[in-house]
Amino acid sequence: MLIRATQLCLRRSLSTARVLKNSNVSVEASQNDVVSFYDAKVINYATRPIRPVTLKELIRFGQPPLSEQSLTQCAHYARTELPVRLAMRVRAFQNLPFIVGTNPHIKDIYRLYFESFDSLEKYSDLPENDNGSDLEFAEKLKDLVERHADNIPTLARGFLECKKYMNTKDMTAFLDDMIHARIGIRLIAEQCISLIHASKNESEDQRRTSYIGIINTQLSPAKVIHHCADFVTELCEFNYGEAPEFIINGHVDTTFTYVPVHLEYMLTELLKNAARATVENAKKNKKPIPPVEVSISHGSRDIGIRVRDQGGGVKPNDLNHIFEYSYTTVKNEETEDSNIFSGITRLAMQSGVGGPIAGLGFGLPLARMYARYFGGSMTLLSLNGYGCDVFLKLKHIDESLGQLEI
Amino acid sequence: MDCLSMFQSPTLGHQSFHTLLPFYSPQMLKAVAFQRRAFSMPATVRPTQSTSPPRHPITPPILSAEQKASSSPAHFYQNRTLDYYVEQRVTPITLRQLVFFGKRLNDERLIKSANYVRNELPVRLAHRIRDFQQLPFIVGSNPHIQLVYDLYWAAFEKFRKVPPIETKEQNQEYCNLLRTLLRDHLVVIPQLALGISECAQHIPAVHANHFMNTMLRSRISRRVITEQHLALSESSQDMNNDDATVGTIFTKCNPTNIIEKCIALIETRLSGTAKCPPFNIDGSTGCGDFTYISEHIEYIVFQLLSNSVRHTLQFHKHNNAPPPVNITICSNDTDILIRISDQGGGMSPEAYRDLWSFTSQRRFKAFETIPQMAARIAEEEEIPWSWQGQEDQHLGIGLPMSKVYSEYWGGELKIMSMEGFGTEAYIRIPRLGNQTENIDFEEAQEVEYVPAWESDERHTIVRHSSILGQ
């Protein structure tokens, strides 16, 4: 059946190629697109059921002492599972409205997912105990994780441009699924990579005993906040010439079990928002810049982080849309006067974790998605005319979340 | 319309609902009688009165057998009079209308006001009586619920029989009637709260909370128009009219003053028992005056501040210098916002989830030990301390009541907690006075979050808010 499909595929692609050749369109490019239309591989994988892994298993894979067996199991799981999930992402793109799919940003990401799926697919049918290919697989994964690092800003740009072609409900559904799946895929991938590498470098492993793969069992929120605050201060000074002071108080000595990159991303977003609002508001009212206060609390089952600013708050009209994708309170770049300096600062703003300092409308919904992934929450309260409070509640990743499926 | 005569038959006799389904065992009944004595108290805190709260043992008025509507077999058929009033619509008003009306008061307007109240009260009360009648039968059989039902029915009968008011003398009589009923109904809130909490197993929590919130809202609405009219009647006789006050409405409400007043009251009540934590007030302290029923805001601020103080003192028992309670005032074109932030240790997720619930058994935990205690009269002295605390606190009704007050003219009250650290309360009071009374309780509430991938409903319905991002 597969042979017939391939024959059909070839015959059709050749005939179309002939037609296109005659019309002076690049054959190669069209062959790629045509191949992906007729390629049964994607559908084949996308229709397989997902086998979720529980958080407990994911942690268990990496708990010392690391054994050959648990590593092999982890690698085998990743090898068979990731292609299925990637195929489903590809399918989701294929279901977008045609005009949206032709947007160059969105098309780029679509191609990226397709190629990633393609390159991992050949590992999925290998037997379980193939250690040599495990290392190769880990290298490949690492490469892919890096290539996918800037997916979200690119997608964000694409969807911003497509706002008028797609209704909000469908876009929200697509993005919710997309981001949720992406977090899961990366979690499995990065856990697998770090375990495979850790097993090869025993000494390194002993140094960072608090880590189980990418999960840090002794993550200090205060340290992460300091780190993100420094970064945001730099960004702010570069962009505005000055930055607010960050005051950190509460249970500063507390630690908990969490994925550091997730926490970093969320905090950077929140601190960026707070800093931007504070500086812009102070400048508008010609007042000195007030500090941004970050408080940490250690509860029985979760960690609370409150970011409190005096940035003027959010207007009630905007409040209802603040967690929508592509909703931004920053003026559209095209309408502002652009000169060489604004161009440079814009480029500078586009560096760093997660993307630009503001303007794409993805920061808050994305951060909230991360917060909710492990059963946490993000709540924003605004005192219009004064400032905002954002509450981040993050559950300890421990036994109680053991049954959470990734 | 005398339905009674139709049904005086030997078979119906004098059966009363009370005997049909005893709600309690004898022990519980004794406990209930005990509580009735202890928990009647005024619904609004009037900080201008004496500093130490006098214990008002207002006993519920004793209704005769004929007056007890629920026990009368003819009551079902008398209900037809209620139908007429239930079908009429309520005329909600805005604060601005009240002020405008009250500022240019003359005799003619006073009579007009009296007739407005005269028409509104039976209609508003009728709607709530109908709510009672829709409760499950077992809930309606609860003695506390029945007491309130009987009180309401008696009041309804009195209200609807008042003839149109045409002279100031008639107005005076009407005002006297209003005053009596206001005083008699002071027991309603504790009775309802007790009743509903006892019925937790017979009614889904959602319905119970909806019922209570509607009751409380309507109660405020009736009291507002009643007290406003009473105040106007009194001031019309009083020649030195204070320009800033229009009945119960104060046109020079200032957040800083209100907060300072509440702080003073708390410090007085605490003096001698514990060291009061410091208070910091910041934000737009110099913001302009606005028009509101000052008492409402004072109630809310007082409740929240006393909660903050109580928790701070408890959490920092062993600390000589308890951390401060920070109050921030924010003023914009449309609202006054007050944020009260404490470091009182916050609350657990369970406590937070049940914050606004009227049926949570946790709140009334002390009552679980009553049946054993009341059975032995000598034990009465060993009442847990919490019963002797602040008036509303031992019933746990201060917070839900504050919420109802804040939402009455379209404001909000939100509470956020950081377990192990502290709690924040956000109050929003609209300052333009152009929103009508919120009498009916909307169904849309803050729904518990369900992740998008766990449910097909991508959009959960959340009530529109000017403080909470959605």
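These numbers come from a predicted model, not from an experiment.

Asks: Would you explain the interface of chain B and chain A in this entry?
Replies: Many analyses report the size of an interface as the accessible area lost when the parts associate. Contact with chain B, which involves 31 residues of that partner, is made by 39 residues of chain A. Taking both sides of the interface into account, the surface hidden between chain B and chain A amounts to around 3,100 Å²; carbon and sulfur atoms contribute 58%. The partner of A:Arg306 in a salt bridge is B:Glu424, with the nearest N and O atoms 2.5 Å apart. Joining chain B to chain A, the criterion identifies 12 residue pairs in polar contact (both at pLDDT 80 or more). For the side of chain B that touches chain A, the secondary-structure elements that each account for two or more residues are β3 (279–283), β5 (325–331), β6 (335–341), α14 (349–353), β7 (412–418) and β8 (422–430) of chain B. Looking at the side of chain B that touches chain A, the element that brings in the most residues is β7(B), giving 4 residues. Of the residues belonging to the side of chain B that touches chain A, the class tally is 12 nonpolar, 12 polar and 7 charged.

Asks: What exactly am I supposed to notice about unusual backbone geometry here?
Replies: With the exception of glycine, most residues fall at negative phi, and the peptide bonds are largely trans. In this structure, A:Lys286 is a non-glycine residue whose phi angle is positive, near 50°. Relative to the helices and strands, A:Lys286 is located in the loop between α13 (260–285) and β5 (292–298).

Asks: What is the right way to look at the packing of helix α11 (residues 205–237) of chain B against helix α16 (residues 398–408) of chain B in this model?
Replies: Two numbers describe a pair of packed helices, the interaxial angle and the distance between the axes. Residue and element names in this part refer to chain B. Between α11 and α16, the shortest axis-to-axis distance is 10 Å and the interhelical angle comes to 55°. When the interaxial angle is binned, α11 and α16 end up oblique. The handedness of the crossing between α11 and α16 is right-handed. When α11 is examined against α16, the residues Asn213, Leu216, Arg217, Ile220, Ser221 and Val224 are found in contact with a partner set consisting of Met401, Val404, Tyr405, Glu407 and Tyr408. Class assignment of the residues belonging to the contact of α11 with α16 gives a composition of 7 nonpolar, 2 polar and 2 charged.

Asks: Help me understand the pattern of salt bridges, please; the structure alone is not making it clear to me.
Replies: Where charged atoms from two side chains of opposite charge come close, those side chains can pair. In the structure shown here, the tally under the stated rule is 32 salt bridges over all chains. For A:Glu190, the salt bridge goes to A:Arg186, with nearest N and O atoms at 3.9 Å. Of the two residues, A:Glu190 and A:Arg186 are both situated in helix α10 (residues 168–200); the distance of 4 residues between them amounts to about one turn of the helix. Here A:Arg308 ties to B:Glu424 by a salt bridge, and the two come within 2.3 Å at their closest N and O atoms. You can see A:Arg308 sitting in strand β6 (residues 302–308) and its partner B:Glu424 sitting in strand β8, one on each of two chains. Comparing A:Arg308 with B:Glu424 shows no difference in burial state: the two are buried. One salt-bridge network, in which partners are shared between bridges, spans A:Glu293, A:Arg306, A:Arg308, A:Asp389, B:Arg339 and B:Glu424.

Definitions and cut-offs
Residues numbered from 1 in each chain as written. Chains lettered and ligands numbered in written order. Predicted model: local features only at pLDDT ≥ 70, side-chain atom pairs only at ≥ 80, totals over all residues. Heavy atoms only, no water. Contact = heavy atoms within 4.5 Å. Buried area = accessible area lost by both parts, 1.4 Å probe. Salt bridge = Lys/Arg side-chain N within 4 Å of Asp/Glu carboxyl O. Polar contact = N/O pair within 3.5 Å; in protein donor to acceptor, adjacent residues only side chain to side chain. Helix = DSSP H or I, 4+ residues; strand = E, 2+ residues; numbered from the N terminus. Nonpolar A, V, L, I, M, F, W, Y, C, P; charged D, E, K, R; others polar. Axes fitted to C-alpha atoms, helices over the stretch in contact; angles between N-to-C directions. Parallel < 35°, antiparallel > 145°, perpendicular 65-115°, else oblique. Left-handed = near helix turned anticlockwise from the far one by under 90°. Buried < 20%, exposed > 50% of the residue type's maximum accessible area, 1.4 Å probe, protein only.

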